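Survey of secondary and tertiary structure
So you can see what is in the structure, the chains are spelled out below.
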Amino acid sequence: PNTQYELLRRRIYSNTQELWYFFHSSLLDIQKRANEVAPELVDSISYLLNLGLEHKRSLIYDIEQLSEVDGYATWREKESNDLSNLVQERFKYLQNPENCNTARKLVCSLNKGCGYGCQLHHAVYCFMVAYGTKRTLILKSKGWRYHKGGWEEIFKPASDTCTNPSGESVSNWPGNQDTQVLNLPIIDSLSPRPPFLPLAIPEDLAPRLTRLHGDPIVWWVGQILKYLLRPQEKTASRIQETMTKMGFQRPIVGVHVRRTDKVGTEAAFHGIEEYMSHVDEYFNHLELKQTVDKRRVYLASDDPKVLAEARSKYPHYEIIGDPSISKTAAVSTRYSDSSLFGIIMDIHMLSMSDYLVCTFSSQVCRVAYEIMQNYYPDASARFRSLDDIYYYGGQNPHNVVAALPHKPKRNGEMSIEVGDSIGIAGNHWNGFSKGRNLRTNQVAFYPSFKVKDKIETAKFPTYTEIYK
Ligand code: GDP
């Protein structure tokens, strides 16, 4: 298929969603006001909401069908495999230099004082810089807070042949081309910043990824996680056993409810009803395509009370989850061996689900979403975040480009000319996103459908010598 066709297909899909977010949220507002001043209108508004939802569902269904009948499904599968094989080959080559004693290295310590998702993202960032500077990544992980024995006892080592961090010359980032060993700090204190940081993807892959995938940076992160998270045999069989024991079965929606220390500091509280309304809608939609014998949810949370609450409020659902995993996720017990297996399991199950409902303010759910990309040619639309849009901690500004002009109709709306770059802060899931217009510096709301994402690229090495 040509790229324009794929972009258009995805754009119609997401703008149909946006159209519905807009009407749904506006109608709810009007209904609230009608309740007070014109109660006789409340029923008519409910009618609009209900039939409107059916309209939207049917439209989305048809758009999804397009990708099944346009004849490109096999191409998408193959292109996705080819691209993944290509970068996995490059990773293997980078990580297994012929001579480790003389190889250029990038050393990264897994000692960031944060949670598992945050640490995975730290390792992924290190890998991006390693790939960008063509240095073998050495992951130092002895004494890791989640497993004192180190990363390699759980996952395959980042290299089969080269794990020794020493070398002739050692320096802190940035060093120079000839420094054999470079120590990389955490992304927050990285200076100078190389061009290889998110949201940039390798320029040589960009045309293919732009065509294949709705959010190429998520694909790119997913590929690095695929490499780093190759499980040791023991880990793999433990995951497999636990999955079978829990009765993990599709179709299933993965729900991640992040509570405890996150609420009130980095994220707002969201009741289980809010998550479940999106789960309901997922299944209502799915039922247009197939009969659903059982509505299933995999529920992960750091608050063990959530599972019991969900099971009692949604008895017609089969809610899979393990309260003992949640218990090890509490702040007081979080950094231990038992909690490590729990969070590995939860992320695995979430990523294996058909759809994710969660808060992207949590790295746990972002990691699950990234890994999910490994199971489909393009899983970029298989989520609903209750708060943030996707981001990568420490990323460069996320800019979008205006495809349509906008004249403010209400207070707080942005003036836009076609071609304006806008730094996006967030989607409010009501048809509007907030951002800063980089031409005018105005911080305001704009209709989300009026912009297009901009794919950022950087000149990463292209590893052509592999094919010689
Ligand atoms: P964030 O704080 O939510 O952005 O994500 P982090 O991964 O950086 O830190 C949160 C940590 O809390 C995780 O790594 C887990 O140790 C724990 N945690 C949070 N949510 C869950 C969950 O649903 N299941 C499990 N097992 N642990 C969780």
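Here's a quick rundown of the structure. (Residues numbered from 1 in each chain as written. Predicted model: local features only at pLDDT ≥ 70, side-chain atom pairs only at ≥ 80, totals over all residues. Heavy atoms only, no water.)

Bringing the sheet that holds strand β7 (residues 295–301) into the picture now. If you trace the 5 strands from one edge of the open sheet to the other, you get β8-β7-β6-β9-β10, paired in parallel fashion. In the strand order of this sheet, the two ends are held by β8 (317–320) and β10 (383–385), each with one partner. Averaged over all neighbouring strand pairs, the angle between strand axes comes to 20°, with direction disregarded. As judged from the 3 bridges shared by strand β9 (residues 355–358) and β10, these two strands associate in the parallel manner. Pairing of L356 across the sheet is with F383, part of β10. Docked against the sheet, helix α9 (residues 305–313) engages β6 (253–257), β7 and β8, running at close to 170° with respect to β8. (Pairing = 2+ DSSP bridges. Helix = DSSP H or I, 4+ residues; strand = E, 2+ residues; numbered from the N terminus. Axes fitted to C-alpha atoms, helices over the stretch in contact; angles between N-to-C directions. Contact = heavy atoms within 4.5 Å.)

The subject of this paragraph is the site of the ligand. Around the ligand sit 21 residues in total, of which Y116, G117, R258, D346 and S362 are the nearest. A distance of 2.7 Å separates an oxygen atom of the ligand from a polar atom in the backbone of G117. Burial of the ligand by the protein amounts to 96% of the accessible area it has alone, namely 560 Å². At the level of secondary structure, the elements contributing two or more residues to the shell around the ligand comprise α4 (116–133), β7, α11 (337–352) and α12 (363–372). A per-class count over the shell around the ligand returns 8 nonpolar, 8 polar and 5 charged. (Near = heavy atom within 4 Å. Polar contact = N/O pair within 3.5 Å; in protein donor to acceptor, adjacent residues only side chain to side chain. Areas by Shrake-Rupley, 256 points an atom, 1.4 Å probe, with all protein chains shown as cover. Nonpolar A, V, L, I, M, F, W, Y, C, P; charged D, E, K, R; others polar.)

Let's shift gears to the environment of L182. Within the secondary structure layout, L182 lies in strand β4 (residues 181–183). Separated by 16 residues in sequence, L182 and S166 have C-alpha atoms that sit 9.9 Å apart. Leaving out residues up to four positions away in the same chain, L182 has contacts with K105, L106, V107, R135, S171, N172, W173, P174 and G175.

Before going further, it helps to spend a moment on the environment of T333. Assignment of secondary structure puts T333 in the loop between α10 (323–328) and α11. When its relative accessible area of 37% is taken as the criterion, T333 is described as partly exposed. Residues T333 and D293 lie 40 residues apart in sequence; the distance between their C-alpha atoms is 38 Å. Ignoring any residue separated from it by four or fewer positions in sequence, one finds T333 in contact with K327, T328 and S339. (Buried < 20%, exposed > 50% of the residue type's maximum accessible area, 1.4 Å probe, protein only.)

As summarised here, the arrangement of the 4 strands in space is β2-β1-β4-β3, forming an open sheet in which the pairing is parallel. Of all strands in the sheet, those bounded by a partner on one side alone are β2 (136–140) and β3 (170–172). Each strand axis lies, on average, 25° off the axis of its neighbour in the sheet, ignoring direction. The pairing of strand β1 (residues 105–109) with β2 spans 5 bridges and is classified as parallel. Bridged to L106 within β2 is L137. The sheet contacts of α4 involve β1 and β2, and relative to β1 the element is tilted by about 170°.

If you walk through the whole model with that rule in mind, you get 31 aromatic pairs. Here Y93 and Y463 contribute two aromatic rings whose centre-to-centre distance is 6.3 Å and whose plane-to-plane angle is 85°, an arrangement assigned as edge-to-face. Separated by 370 residues along the polypeptide, Y93 in helix α3 (residues 73–95) and Y463 in the segment after β16 (457–458) bring together distant segments of the chain. A relative accessible area of 38% places Y93 in the partly exposed class. When its relative accessible area of 1% is taken as the criterion, Y463 is described as buried. Aromatic pair Y369 and Y390: ring centres 5.8 Å apart, planes at 55°, arrangement tilted. On the criterion of sequence distance, the pair formed by Y369 in helix α12 and Y390 in the loop between β10 and β11 (399–402) is long-range, its members being 21 residues apart. Here the two residues Y369 and Y390 agree in accessibility, since each one is buried. (Phe/Tyr/Trp six-rings, centres within 6.5 Å; stacked < 30°, edge-to-face > 60°.)

Using the criterion set out here, one finds 4 disulfides in the structure. Paired through a disulfide, C100 and C162 show a sulfur-sulfur distance of 2.1 Å. Between C100 and C162 the disulfide shows an S-S torsion of about 70°. By sign, it is right-handed. On the criterion of sequence distance, the pair formed by C100 in the loop between α3 and β1 and C162 in the loop between β2 and β3 is long-range, its members being 62 residues apart. Judged by relative accessible area, C100 falls into the buried class, the value being 13%. A disulfide bridge connects C358 with C365, and the sulfur atoms are separated by 1.9 Å. Handedness of the C358-C365 disulfide follows from its S-S torsion of about -75°: it is left-handed. Classification of C358 by relative accessible area gives buried; the value is 0%. Once the bonded cysteines of the protein are numbered in order along the sequence, the disulfide links fall as 1-6, 2-5, 3-4, 7-8. (Disulfide = S-S within 2.5 Å.)

Where α4 meets α12, the axes come as close as 7 Å, and the angle between the chain directions of the two elements is 50°. In this view, α4 runs oblique relative to α12, as classed from their interaxial angle. Where α4 crosses over α12, the two elements pack in a sense that is left-handed. Residue-level inspection shows G117, C118, L120 and H121 of α4 in contact with α12, the latter providing Q363, R366, V367 and E370. When the residues that make up the contact of α4 with α12 are grouped by side-chain class, the tally is 3 nonpolar, 3 polar and 2 charged. (Parallel < 35°, antiparallel > 145°, perpendicular 65-115°, else oblique. Left-handed = near helix turned anticlockwise from the far one by under 90°.)

The subject of this paragraph is the pairing of β9. The side-chain alternation of β9 yields two buried faces, one formed by Y355 and V357 and the other by L356 and C358. Taking the sense of rotation as the criterion, the β-α-β connection linking β9, α12 and β10 turns out right-handed. (Right-handed = clockwise from strand over helix to strand, strands pointing away.)

Let us now look at the pairing of β11. Summarising the sheet, β11 and strand β12 (residues 421–427) pair through 3 bridges and their orientation is antiparallel. Bridging from a neighbouring strand, N399 pairs with G423 of β12. Here 3 bridges tie β11 to strand β15 (residues 451–453), and the two strands are oriented antiparallel to one another. Looking across to β15, one finds that V400 is bridged to D453.

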